[in-house]
There are 2 protein chains.
Amino acid sequence: MHTFKELVEDFGAYFGKKHFPASPATLYEPGEYFLSWGGKRIRPVMCLMGNEMFAPIVADAYHMATAIELFHNFTLIHDDIMDEAPLRRGMETVHTKYGPNTALLTGDVMMIQAYESLAKISAQYLPRILTLFNKTAKEVCEGQQLDIDFEKMEDVSLDAYIEMITLKTSVLLAASLETGAVLGGASEGNCRHIYEFGKNLGIAFQVQDDYLDAFGDPEKFGKETGGDIRQNKKTFLLLQALQQADAAQKQELQQLMRENPADKVPRVLAIFRACGTDAWANELKEKYLNTALKHLDDIAVMAVRKKPLEELAAFLIQRDY
Amino acid sequence: MHTFKELVEDFGAYFGKKHFPASPATLYEPGEYFLSWGGKRIRPVMCLMGNEMFAPIVADAYHMATAIELFHNFTLIHDDIMDEAPLRRGMETVHTKYGPNTALLTGDVMMIQAYESLAKISAQYLPRILTLFNKTAKEVCEGQQLDIDFEKMEDVSLDAYIEMITLKTSVLLAASLETGAVLGGASEGNCRHIYEFGKNLGIAFQVQDDYLDAFGDPEKFGKETGGDIRQNKKTFLLLQALQQADAAQKQELQQLMRENPADKVPRVLAIFRACGTDAWANELKEKYLNTALKHLDDIAVMAVRKKPLEELAAFLIQRDY
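What counts as what
- Residues numbered from 1 in each chain as written.
- Chains lettered and ligands numbered in written order.
- Predicted model: local features only at pLDDT ≥ 70, side-chain atom pairs only at ≥ 80, totals over all residues.
- Heavy atoms only, no water.
- Axes fitted to C-alpha atoms, helices over the stretch in contact; angles between N-to-C directions.
- Helix = DSSP H or I, 4+ residues; strand = E, 2+ residues; numbered from the N terminus.
- Parallel < 35°, antiparallel > 145°, perpendicular 65-115°, else oblique.
- Left-handed = near helix turned anticlockwise from the far one by under 90°.
- Contact = heavy atoms within 4.5 Å.
- Buried < 20%, exposed > 50% of the residue type's maximum accessible area, 1.4 Å probe, protein only.
- Disulfide = S-S within 2.5 Å.
- Least-squares fit on C-alpha atoms with pLDDT ≥ 70 in both.
- Patch = residues over 30% accessible without salt bridge, like charges linked within 9 Å, V, L, I, M, F, W, Y side chains within 5 Å.
- Areas by Shrake-Rupley, 256 points an atom, 1.4 Å probe, with all protein chains shown as cover.
- Salt bridge = Lys/Arg side-chain N within 4 Å of Asp/Glu carboxyl O.
- Lys, Arg positive; Asp, Glu negative; His and termini not counted.
- Charge placed at Lys NZ, Arg CZ, Asp CG, Glu CD.
- Core = buried A, V, L, I, M, F, W, Y, C linked by side-chain atoms within 4.5 Å.
- Domains from an automatic or database assignment.
- Buried area = accessible area lost by both parts, 1.4 Å probe.
- Polar contact = N/O pair within 3.5 Å; in protein donor to acceptor, adjacent residues only side chain to side chain.
- Nonpolar A, V, L, I, M, F, W, Y, C, P; charged D, E, K, R; others polar.
- Phe/Tyr/Trp six-rings, centres within 6.5 Å; stacked < 30°, edge-to-face > 60°.
- Lys NZ or Arg CZ within 6 Å of the ring centre and 35° of its normal.
- Arc of directions from axis to C-beta.

A. Structural detail: the packing of helix H4 (residues 59-83) of chain B against helix H8 (residues 158-183) of chain B. Residues and elements named next belong to chain B. Axis separation between H4 and H8 bottoms out at 9 Å; the angle between their running directions is 165°. Classified by the interaxial angle, the pair formed by H4 and H8 is roughly antiparallel. The handedness of the crossing between H4 and H8 is right-handed. When H4 is examined against H8, the residues Asp60, Ala61, Met64, Ile68, Phe71, His72 and Asp79 are found in contact with a partner set consisting of Lys168, Leu172, Ser176, Thr179 and Leu183.

B. Fine view of the packing of helix H1 (residues 4-15) of chain B against H4 of chain B. Residue and element names in this part refer to chain B. Put simply, H1 and H4 touch, their axes get as near as 11 Å, and they point 80° apart. Between H1 and H4, the crossing angle belongs to the class labelled roughly perpendicular. From H1, Asp10, Phe11, Tyr14 and Phe15 reach across to H4, where they touch Tyr62, His63, Ala65, Thr66, Glu69 and Leu70.

C. Inspection of the side chain of Asp80 of chain A at higher detail. All names here are of chain A. Take Asp80: it is sitting in helix H4 (residues 59-83). Judged by its relative accessible area of 3%, Asp80 falls in the buried class. Among all residues touching Asp80, those that are not within four sequence positions of it are Phe34, Ala85, Arg88, Thr93 and His95.

D. Region of interest: the state of the cysteines. All names here are of chain A. The tally for this structure, following the rule as stated, stands at zero disulfides over all chains. Between Cys191, a cysteine without a disulfide, and Cys47, which holds the nearest cysteine sulfur, the sulfur-to-sulfur distance is 12 Å. Cys191 gets classed as buried once you look at its relative accessible area, which sits at 1%.

E. Quick peek at unusual backbone geometry. Of the consecutive residues Ser23 of chain A and Pro24 of chain A, the connecting peptide bond is found in the cis state with omega at -5°. Mapped onto the fold, Pro24 of chain A is located in the loop between helix H1 (4-15) and helix H2 (25-35). For Glu84 of chain B, which is not a glycine, the phi torsion comes out positive at approximately 50°. The exposed category is assigned to Glu84 of chain B, whose relative accessible area is 65%. Here the phi dihedral of Asn260 of chain B falls at roughly 45°; this positive angle occurs in a residue that is not glycine. Here Asn260 of chain B shows up in the loop between helix H13 (247-259) and helix H14 (264-274). With a relative accessible area of 42%, Asn260 of chain B lands in the partly exposed category.

F. Molecular detail of the relation of the copies chain B and chain A. The two copies are related by a screw motion: chain B maps onto chain A through a turn of 180° and a shift of 0.0 Å along the axis, at an RMSD of 0.0 Å. The superposition operator between the copies reduces to a two-fold rotation axis. Of all interface residues in chain B, 100% are interface residues in chain A too; the two copies therefore contact each other through one and the same surface.

G. A negative patch on the surface, seen in detail. Residue and element names in this part refer to chain A. Together, Glu6, Glu9, Asp10 and Glu311 make up a region of like negative charge exposed at the surface. No other element matches H1, which puts three residues into the negative patch. Relative accessible area serves as the criterion here: at 35%, Glu311 is assigned to the partly exposed category.

H. Just the nonpolar core, in detail. Of all hydrophobic cores here, the largest spans 227 residues; its most connected members are Phe71 of chain A together with Phe71 of chain B. Counting only domains with at least three residues in this core, you end up with domain 1 (1-138) and domain 2 (187-321) of chain A. With residues near it in sequence (within four places) discarded, Phe71 of chain B still touches Ile112 of chain A together with Met111, Ala114, Phe133, Ala137, Val140 and Leu172 of chain B.

I. Highlighting the interface of chain B and chain A. Facing 39 residues of chain B, the contacting portion of chain A comprises 39 residues. Here chain B and chain A share an interface that buries about 3,500 Å² over both sides, 70% of which is from carbon and sulfur atoms. If you look at where chain B meets chain A, you find two salt bridges. For the salt bridge of Lys138 of chain B with Glu116 of chain A, the shortest nitrogen-to-oxygen distance reads 3.3 Å. Linking chain B with chain A are 14 residue pairs in polar contact (both at pLDDT 80 or more). Those elements that place two or more of their residues in the side of chain B that touches chain A are helix H2 (25-35), H4, helix H6 (100-118) and helix H7 (126-152) of chain B. Looking at the side of chain B that touches chain A, the element that brings in the most residues is H7 of chain B, giving 15 residues. Class assignment for the residues of the side of chain B that touches chain A results in 23 nonpolar, 10 polar and six charged.

J. Spotlight on the side chain of His193 of chain A. Relative to the assigned elements, His193 of chain A resides in helix H9 (residues 188-215). In this structure, His193 of chain A is in contact with His295, Asp298 and Ile299 of chain A, ignoring residues within four places of it in sequence.

K. Inspection of the pattern of salt bridges at higher detail. Scanning the model with the defined rule gives 24 salt bridges over all chains in all. Between Asp147 of chain A and Lys168 of chain A there is a salt bridge, and its shortest N-O distance comes to 2.6 Å. With Asp147 of chain A in helix H7 (residues 126-152) and Lys168 of chain A in helix H8 (residues 158-183), this residue pair connects regions lying 21 residues apart in the sequence. Overall, Asp147 of chain A belongs to the buried group, its relative accessible area being 17%. Taking the shortest distance from any N to any O, the salt bridge between Lys199 of chain B and Glu196 of chain B comes out at 3.5 Å.

L. Structural context of the packing of aromatic side chains. All told, the structure shown has 29 aromatic pairs over all chains when counted by the stated rule. A ring pair is formed by Phe20 of chain A and Tyr28 of chain A, whose centres lie 5.2 Å apart and whose planes are at 15°; its orientation type is stacked. Accessibility assignment for this pair places Phe20 of chain A and Tyr28 of chain A in one class, buried. For the ring pair Tyr115 of chain A and Phe133 of chain A, a centre distance of 5.2 Å and an interplane angle of 85° mean the geometry is edge-to-face. Residue Tyr115 of chain A is found in helix H6 (residues 100-118), and its partner Phe133 of chain A is found in helix H7; the two are separated by 18 residues along the sequence. On the accessibility criterion, Tyr115 of chain A (0% relative accessible area) is buried. Since its relative accessible area comes to 5%, Phe133 of chain A is described here as buried. An aromatic cluster of at least three residues, connected via ring pairs, comprises Phe71, Phe74, Tyr115 and Phe133 of chain A together with Phe71, Phe74, Tyr115 and Phe133 of chain B. Geometry around Tyr14 of chain A places Lys17 of chain A over its ring, the cationic atom sitting 5.1 Å from the centre. Seen from the ring of Tyr33 of chain A, Lys97 of chain A lies directly overhead, with NZ or CZ sitting 5.0 Å from the centre.

M. Representation of H14 of chain B in the model. All names here are of chain B. Regarding H14, the residues found buried are Lys264, Val265, Val268, Leu269, Ile271 and Phe272. Within H14, the buried residues cover an arc of 160° as seen down the axis, which keeps them to one side. Of the surrounding elements, those touching the buried residues of H14 are helix H9 (188-215), helix H11 (227-230), helix H12 (236-244), H13 and helix H15 (277-298). Of the residues one or two after H14, Gly276 is the one with positive phi, at around 75°.

N. Structural detail: the environment of Ala160 of chain A. Residue placement: Ala160 of chain A occurs in helix H8. The spatial distance from the C-alpha of Ala160 of chain A to the C-alpha of Lys40 of chain A is 29 Å, given a sequence separation of 120 residues.

So this is what it looks like as structure tokens:
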């Protein structure tokens, strides 16, 4: 068994190579540029962890983990085009550096490269893995489309928002774990529980992310807070505040969103607090985290095999802000 | 055995259904819109023909053919974004009707849908099919990138142009036939020949397409001619004319391309003719067609089984203009 940190290091070394042919460089260099930024590689590591919960890590799990990381990076490249984001993690996005057409094709070919890695998986597992991967990939696209749709809508229900977040981010975390588990020989029941663990952990993480963007300590959070509020981004907090606010609060909130005054962030935060949105978000996060941990608990393996995923949950979901 | 036309009708009926879930409609309706236009469905029919050359058509061949047609349509949707094409076959392109972000995602999810169809193929064939499909898909992206690159370059060699055309269009025709042949139980040698038949036929078709756009009879060609010349598109004809022209002709050609006068098309055509580009293109087309037919000849099945592919070649490559 390996710790989460050991696997991050292990996969980082494995993945830190060229992924594309040299030519045509106009197509493949932008892909290498984007992949070279490194990162935590959380999804592929979750795949390795899903495998190792049930058996020593097999070569197929590295092919699977590679496919997942390439697919994730494809979504980032295309999302950045759609969001017209000039920077990601302080680096020029692919479409900024190379133009939108090349970024579009770079994303396309990175998705195909993900399937090329999948094609290396043993024939006995390939049909099941391919089916789960395709289902997940479609869901991620659905989530991205719902995100675009919601930004244009006046009213989005909390349930619809949770569905969007689940599709856009959580199902890939869930499938990372489940594909690893499949390759580790896990039973159907265990596969279902590890998938649900990942899915609920992902939702808890997203609630936390929204919370920290509003209420987090910038030093601990690692980036400036209030960005979502400044951009009028629909978040768990805003949707809940709009539901809980009285008429006067709602009117003030909508006016702040329309007029963007200099003191917008502290004034929106004051309304969030007055509506109890901060405590509510913490409860919601705990609810999803607990559901995740319940599914982890229900996996039929010895407790010691669950330690790395417990570590992962503790790493992703902080309990002191 | 079925004729090409019978299979076009057969596949048209099979493919003419909904391909996506109903929801979210904002993502899936644009895909259905694009697929509903119909068309010859040449690539998937080639897949069925590749199968039927060796054995009665199996269910897997329909899954394969569907994957190929979905993949082809994905490339069209993304190419239209890159080309900023407002119309295709007289219909509004997806990005014109639904916006570029939705067109981007619609293309992405259509590619995934192609892989979903592939995932239905019997496990015994899946690894080989997936590997060939991935290789081809990457090559199509490479061809598109080279096409973009070439439009910005002053000098493109004929060899480089043929390589671009091969990647952008011919390899998918070739892979359509070969995947069908694989599913029909063809030997390695026969698979290689049917692939080369498709590849060379595709190049011959593209030479003809460039020729007809310049010299074709608009009534027989079915669309206005001279479009490539008006747009200064690098075609087989232009590249060859630039190589064969004397200094005065080359200067005039470059001036016409720069200044776009009203009589540009007839004057460029006159230079093409003076350089012998029309006869040269016909010879080049014949060369690739003959190479294709030689590979068809070399396939080790009874002559009667080759009839449909001979018909296809005759349908695609006309000998009277």
